[in-house]
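The residues making up each chain are set out below.
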Amino acid sequence: QVQLVESGGGLVQAGGSLRLSCAASGRTFSTYAMGWFRQAPGKEREFVAAINRSGGVTSYADSVKGRFTISRDNAKNTMYLQTNSLKPEDTAVYYCAADQSFGTVVAGTLTLWGQGTQVTVSS
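Model, not experiment: these values are computed from the prediction. (Residues numbered from 1 in each chain as written. Predicted model: local features only at pLDDT ≥ 70, side-chain atom pairs only at ≥ 80, totals over all residues. Heavy atoms only, no water.)

## Describing the sheet that holds strand S7 (residues 68-73)
Overall, antiparallel pairing links the four strands, which are arranged S1-S3-S8-S7 in an open sheet. Strands with a single pairing partner mark the edges of an open sheet, and in this sheet they are strand S1 (4-7) and S7. Each adjacent strand pair in this sheet contributes to an overall mean axis angle of 15°, direction not counted. Where strand S3 (residues 18-24) lies against strand S8 (residues 78-83), six bridges are found, and the strand directions are antiparallel. (Pairing = 2+ DSSP bridges. Helix = DSSP H or I, 4+ residues; strand = E, 2+ residues; numbered from the N terminus. Axes fitted to C-alpha atoms, helices over the stretch in contact; angles between N-to-C directions.)

## Topic: the environment of threonine 83
Mapped onto the elements, threonine 83 comes out in strand S8. Residues threonine 83 and serine 17 lie 66 residues apart in sequence; the distance between their C-alpha atoms is 5.3 Å. Non-local contacts of threonine 83, meaning those with residues more than four positions away in its chain, are made with Gly16, Ser17, Leu18, Arg67 and Phe68. Looking at threonine 83, its side chain comes within polar contact range of the main-chain oxygen of leucine 18, at 2.8 Å. (Contact = heavy atoms within 4.5 Å. Polar contact = N/O pair within 3.5 Å; in protein donor to acceptor, adjacent residues only side chain to side chain.)

## Considering the pattern of salt bridges
Taken as a whole and assessed by the stated rule, the structure comprises four salt bridges. The closest approach of N and O atoms between glutamate 46 and arginine 38, which form a salt bridge, is 2.6 Å. Relative accessible area serves as the criterion here: at 6%, arginine 38 is assigned to the buried category. Linking arginine 67 and aspartate 90 is a salt bridge whose minimum nitrogen-to-oxygen distance equals 2.7 Å. Taken together, the residues arginine 67 in the loop between strand S6 (58-60) and S7 and aspartate 90 in the loop between S8 and strand S9 (92-99) connect sequence positions 23 residues apart. Pair check on accessibility: arginine 67 and aspartate 90 agree, each one buried. (Salt bridge = Lys/Arg side-chain N within 4 Å of Asp/Glu carboxyl O. Buried < 20%, exposed > 50% of the residue type's maximum accessible area, 1.4 Å probe, protein only.)

What is shown is where atoms sit, not what they do.
Structure (C-alpha cells):
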C-alpha cells in the first residue's frame, strides 16, 4: 500500500506562489489516481485538484482554476501542486490523497491520505 508524504508548505504573501510536493512510497504509484485537498480552521476538508494515473486528465475546484496546476512524475513517484496568485482564503492544511479510481478521488471518498502541509497566505 502506498504511503504519502507532503512537503513545500509555508508562509507566503498574497499574490505569491508555492509548489507543494507529495512523495509516495512503493512501486505502485502509477496505478493510483491522486488528488489534493485542503482544510481551513473551522471548515470541512474540501477538494482542490485531481489527476489520473497517467497525468493526462485533471480536475480542479472552481476556486483554484487558473491559479493552481496539478501534475505528477511517475518516474519519481511524486505529485505536485503549483499554487500561483495565492489569496488569504487559500490558507489551509493541504493533504494529498490516492485511490485507484479517478472518480473516487474527485468525490473525496478516499482512504489513503498524507499527514498534510500547512500553507499560510498573509494579506
